[in-house]
Amino acid sequence: MTAAVGVVGAGAWGTALAQMLASDGREVLLWAREAELVDEINSARTNSLFLPSAKLARPIRATTDLADMAALPVLLLVTPAQFLANVLGGIGRSGGDVVLCSKGIEAGTGRLMADVARAAAPGASLAVLSGPTFAHEVAAGLPTAVTLACADGEAQWQRLSAAIARPTFRPYYSDDVTGAEIGGAVKNVLAIACGVVDGLGLGQNARAALISRGFAEMQRFGLALGARAETLSGLSGLGDLVLTCSSTSSRNFSLGKALGEGANAADVLGAKNSVAEGAFTAPVLAEVARNRGISMPIVEAVVALLEGAAPAHEVVAGLLSRPLRAENPLV
């Protein structure tokens, strides 16, 4: 059997996607940087480093050779956002469908992942897969719904939905690539803030308020960059925000919780195998917002915490002391 779908990146999310795609017996090629991890996946059918809870399906085959991925009709890119350009460039992709599953904004350039991918693989048809997903639940076959935003419209959607949809993994069509990307990137930063609220013991009222006001920031930023309101209100925006702001299964929420409990950001990040993308996205997001005159006080507060500018309780106090105003998400 020859694989039709490749997954680039064998972290928790990439491995979960490969497991889901292989659930109906179709072969999936999974790329990992670490040779020892490739050996473990192929021999023991486990990924003890990133997804220890899953026994991986037989149709998954792992490789360290990026060239193996070049000719596959469909590629899911699940590398950390800051490495997307190098990895996609290393594949030498000249066509086919590339589905971006990384959530973030490129440091130094402020580019969304679709812009990064267009430069690295100009002949590819791009799509974005984003939504409320915890890797271990997808790997276990629990019901999941996501946004699949296709830059090339409905014809691409027909191809990709046939390749990606499974009985318990349900994609919903959109052509708003920008909206799907912004929802995924911004919610990671807001999840850190919600974790801080939990770490400080500020209660459920405070977390609900932060989710609501954080969503207002997501809307302001997204609409300014050309996203559509209905996308930001859907699975890849509000849906993903609610999930990641409500559970320690979220790496970003867990990071924020540790910060709220008094930990140092560098120590927490250095102790983890997996990447909390919000920590890398926050300063870039804040800079882009400032340059465009977009008010994002919660995002700015997260940046201050990550930089160690002030203790968590002082940063929260600063948010609470902001001037009272009308509840209007667009100003």
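Provided above is the structure to which this section pertains.
Predicted model, so just to flag it, every value in this text is computed and none were measured. (Residues numbered from 1 in each chain as written. Predicted model: local features only at pLDDT ≥ 70, side-chain atom pairs only at ≥ 80, totals over all residues. Heavy atoms only, no water.)

> I would appreciate a short explanation of unusual backbone geometry in the present structure.
Trans peptide bonds make up the majority, and among non-glycine residues the majority have a negative phi. Although it is not a glycine, R45 sits at a positive phi angle of roughly 60 degrees. Mapped onto the elements of the fold, R45 is located in the loop between α2 (35-44) and β3 (60-63). The exposure class of R45 is buried, given its relative accessible area of 4%. (Helix = DSSP H or I, 4+ residues; strand = E, 2+ residues; numbered from the N terminus. Buried < 20%, exposed > 50% of the residue type's maximum accessible area, 1.4 Å probe, protein only.)

> Please clarify how the sheet that holds strand β7 (residues 144-150) should be interpreted in this entry.
The strands making up a sheet associate through hydrogen bonds between their backbones, and the pairing can be parallel or antiparallel. The eight strands lie next to each other as β3-β2-β1-β4-β5-β6-β7-β8, forming an open sheet whose pairing is mixed. Each of the sheet's edge strands pairs with one partner strand only, and the pair in question is β3 and β8 (169-174). Averaged over all pairs of adjacent strands, the angle between their axes in this sheet comes to 25 degrees, without regard to strand direction. Relative to β8, β7 runs parallel, the two being bridged by six bridges. Its bridge partner lying in β8, L148 is registered against Y173. With respect to the sheet, helix α6 (residues 153-164) is in contact with β1 (5-8), β4 (74-77), β5 (97-100), β6 (125-130), β7 and β8, its orientation differing from that of β7 by roughly 145 degrees. Packed onto the sheet, helix α7 (residues 177-199) meets β6 and β7 and runs at close to 40 degrees relative to β6. (Pairing = 2+ DSSP bridges. Axes fitted to C-alpha atoms, helices over the stretch in contact; angles between N-to-C directions. Contact = heavy atoms within 4.5 Å.)

> Mind showing me how you'd approach helix α1 (residues 12-21) here?
An α-helical turn contains 3.6 residues, so a residue and the one three or four places further along point in the same direction. Most of α1 sits out of view: 10 of its 10 residues are buried. Restricting attention to buried positions, one finds in α1 the residues A12, W13, G14, T15, A16, L17, A18, Q19, M20 and L21.

> For this particular structure, what's the right way to read the environment of Q204?
Along the polypeptide, Q204 turns up in helix α8 (residues 204-224). Sequence separation between Q204 and A165 is 39 residues, and the spatial gap between their C-alpha atoms is 35 Å. Separated by 2.7 Å, the side chains of Q204 and R207 make a polar contact. (Polar contact = N/O pair within 3.5 Å; in protein donor to acceptor, adjacent residues only side chain to side chain.)

> What should I look at first to understand the layout of surface pockets in this one?
Over the atoms, a rolling probe the size of a water molecule traces out where space has been left empty. In this structure, the largest pocket encloses a volume near 1000 Å³. In this structure, the largest pocket is lined by 40 residues; those nearest its centre are G11, A12, W13, R251 and V275. Listing elements by their share of the lining of the largest pocket, those giving two or more residues are α1, α5 (135-139), α7, α10 (235-244) and α11 (251-260). In terms of residue count, the dominant contributor to the lining of the largest pocket is α1 (three residues). A class-by-class count of the residues in the lining of the largest pocket yields 18 nonpolar, 15 polar and seven charged. By volume, the second largest pocket is sized at about 650 Å³. (1 Å grid on protein atoms, 1.4 Å probe; cavity = no way out; pocket = protein on both sides within 12 Å on 5 of 7 lines; lining within 4 Å. Points joined across faces, edges and corners; volume = space filled by probe spheres on them. Nonpolar A, V, L, I, M, F, W, Y, C, P; charged D, E, K, R; others polar.)

> Would you mind going over the environment of E261 with me for this structure?
Along the polypeptide, E261 turns up in the loop between α11 and α12 (265-270). Here E261 falls in the exposed class, since its relative accessible area comes to 54%. Taking C-alpha positions, E261 is 8.2 Å from A312, a pair spaced 51 residues apart along the chain.

> So what exactly am I meant to see when it comes to the pairing of β4 here?
One face of the sheet, then the other: side chains in a regular strand alternate in exactly this way. Alternating residues of β4 divide into V74 and L76 and L75 and L77, and every residue in both groups is buried. The sheet contact formed by β4 and β5 spans four bridges and is parallel. Each bridged residue has a counterpart across the sheet, and for V74 the counterpart in β5 is D97.

> Mind showing me how you'd approach the side chain of S247 here?
Within the secondary structure, S247 sits in the loop between α10 and α11. For S247, the side chain forms a polar contact with the main-chain nitrogen of S249, separated by 3.0 Å. The contacts of S247, once residues within four sequence positions are left out, are F134 and F253.

> I tried to follow empty space enclosed by the protein on my own but got confused; where do I start?
Within the structure shown, the criterion is met by one cavity of 30 Å³ or more. L100, S102, K103, G104, V128, L129, S130, A180, E181, G184 and A185 together form the lining of the largest cavity. Counting residues per element, the ones that place at least two in the lining of the largest cavity are β6 and α7. Top element by residues in the lining of the largest cavity is α7. It accounts for four residues. Tallied by class, residues from the lining of the largest cavity come to five nonpolar, four polar and two charged.

> What is the right way to look at the nonpolar core in this model?
One recurring pattern in soluble globular proteins: nonpolar side chains tend to sit buried together. Core analysis: the largest hydrophobic core is formed by 49 residues, its most contacted members being V186, F221, L255, L259, L285, M296 and L306. Those elements that place two or more of their residues in this core are α7, α8, α11, α12, α13 (277-292), α14 (297-306) and α15 (312-320). For this core, the leading source of residues is α7, giving 11 residues. In this structure, L259 is in contact with I192, V196, N264, A265, L305, L306 and A312, ignoring residues within four places of it in sequence. Within the second largest apolar cluster, 42 residues are counted, among which are V7, L21, L129 and V146. (Core = buried A, V, L, I, M, F, W, Y, C linked by side-chain atoms within 4.5 Å.)

> In this structure, what is going on with the pairing of β5? I would like to understand it.
By the alternation rule, side chains of β5 split into D97 and V99 and V98 and L100, which are all buried. A crossover links β4 with its parallel partner β5, the connecting element being helix α3 (residues 84-91), and its sense is right-handed. The sheet contact formed by β5 and β6 spans four bridges and is parallel. Of the residues in β6, the one forming a bridge with V99 is A127. Taking the sense of rotation as the criterion, the β-α-β connection linking β5, helix α4 (residues 113-120) and β6 turns out right-handed. (Right-handed = clockwise from strand over helix to strand, strands pointing away.)

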